[in-house]
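Chain and residue survey
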Amino acid sequence: MERIGYTAQPQNLDVVFAALADPTRRAILSRLAAGKASVNEIAAPFQMSQPAVSKHLKVLERAGLIERGVDKQRRPARLKAEPMAAAVSWLEKFKQSWSSSFDQLDGLLEELKKIDAKGTENE
């Protein structure tokens, strides 16, 4: 028997979604979308220690969402979009279902508006 929904997934998809689950890490990725940055530059808007930011960067690096280079004493981080593209591709599979549900909801709301309009006309 074939199990529906258990198709082969990109190997690190779970790790990518786990990394994206944290709002601080999403904010870091948003910052890196503007260009590479050092740990100090990334840590500046957050009320957390540099070691705490470094831990977030390690999670993002393990997920393949960023890579860290070496520039003298700095280790600037930069965004890597490929793993995120795999997550987006996986989510796109559900877009048809979402769109269909929203279309059905729109139809139902239109019907309810018509019924309500007829009810107020008869009063």
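All values reported here derive from a predicted model rather than from experimental measurement. (Residues numbered from 1 in each chain as written. Predicted model: local features only at pLDDT ≥ 70, side-chain atom pairs only at ≥ 80, totals over all residues. Heavy atoms only, no water.)

Turning next to the overall build of the chain. Broken down by element type, the chain carries six helices and two strands. Counted from the first residue to the last, the chain has its helices and strands arranged as α-α-α-α-β-β-α-α. For the chain, the proportion of its 123 residues judged to be buried stands at 23%. Intrachain contacts of the chain at a sequence separation of at least 6 include 52% that bridge at least 24 residues. (Helix = DSSP H or I, 4+ residues; strand = E, 2+ residues; numbered from the N terminus. Buried < 20%, exposed > 50% of the residue type's maximum accessible area, 1.4 Å probe, protein only. Contact = heavy atoms within 4.5 Å.)

Before going further, it helps to examine the environment of S30. Structurally, the position occupied by S30 is in helix α2 (residues 23-33). Sequence-wise, S30 and L79 are 49 residues apart; in three dimensions their C-alpha atoms are separated by 9.0 Å.

You can see S38 is positioned in the loop between α2 and α3 (39-43). The residues contacting S38, other than those within four sequence positions of it, are R74 and P76.

What the rule picks out here adds up to two salt bridges. Two residues, R78 and E67, come together in a salt bridge whose shortest N-O distance is 2.4 Å. Note that R78 is positioned in strand β2 (residues 77-79) and E67 in strand β1 (residues 66-68), a separation of 11 residues in sequence. Residue classification places R78 among the partly exposed residues on the basis of a relative accessible area of 41%. For E67, a relative accessible area of 30% puts it in the partly exposed group. Its salt-bridge partner being K113, residue E110 comes within 3.7 Å of it at the nearest N-O pair. Of this pair, E110 and K113 both sit in helix α6 (residues 95-121), separated by three residues, roughly a single helical turn. For E110, a relative accessible area of 41% gives the class partly exposed. (Salt bridge = Lys/Arg side-chain N within 4 Å of Asp/Glu carboxyl O.)

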